[in-house]
Amino acid sequence: MGGEPKRRHSRARKGKRRASISLSIPNAIVCPNCGIMTMSHAVCKKCGFYRGKDVLSLKKTQEVNS
Ligand SMILES: [Zn+2]
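Figured I'd write up the structure that's included with this text. What you are looking at is a predicted structure, and each value in this text was computed from that prediction instead of being measured.

1. Considering the overall build of the protein chain
Along its length, the protein chain carries two helices and four strands. Each helix and strand of the protein chain, ordered N terminal to C terminal, gives the series α-β-β-β-β-α. Sequence-distant contacts, at least 24 apart, represent 0% of the contacts inside the protein chain between residues at least 6 apart. Looking at the protein chain as shown, the accessible area adds up to about 6,400 Å², and 56% of this sits on carbon and sulfur atoms.

Here it is as structure tokens:
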């Protein structure tokens with residue numbers, strides 16, 4: 001059994017905690033292909049590259065073949 005919170009946190013306290021969440025963009029990296037800031041572990045929105053490959057066009061060609 002884990003510990004239970006004795007009291008609920010106030011709205012101000014909750015707001016202070018969540019205010020810092022949106023300030024920093026998590027896992028932001030510079031795309032090696034086009035140089036734009038993008039999310040790591042995700043396909044680049046600008047050029048569609050992921051891990052050095054054009055994933056979006058790759059997917060389209062696979063759909064045509066199948
Ligand atoms: Zn890119």
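2. Quick word on the coordination of the zinc ion
Looking at the zinc ion, one finds its protein donor set to be C31 (SG), C34 (SG), C44 (SG) and C47 (SG), positioned 2.1 to 2.3 Å from the metal centre. In this structure, the zinc ion is coordinated by four donor atoms arranged in tetrahedral fashion, with angles at the metal of 105 to 113°. Overall, C44 belongs to the buried group, its relative accessible area being 3%.

About the cut-offs
Residues numbered from 1 in each chain as written. Predicted model: local features only at pLDDT ≥ 70, side-chain atom pairs only at ≥ 80, totals over all residues. Heavy atoms only, no water. Helix = DSSP H or I, 4+ residues; strand = E, 2+ residues; numbered from the N terminus. Contact = heavy atoms within 4.5 Å. Areas by Shrake-Rupley, 256 points an atom, 1.4 Å probe, with all protein chains shown as cover. Donors = N, O, S within 2.8 Å, 3.2 Å for Na, K, Ca; no water. Tetrahedral: all angles 85-135°; square planar, octahedral: opposite > 155°, others 65-115°. Buried < 20%, exposed > 50% of the residue type's maximum accessible area, 1.4 Å probe, protein only.

Read these as layout, nothing more, since geometry by itself doesn't imply function.
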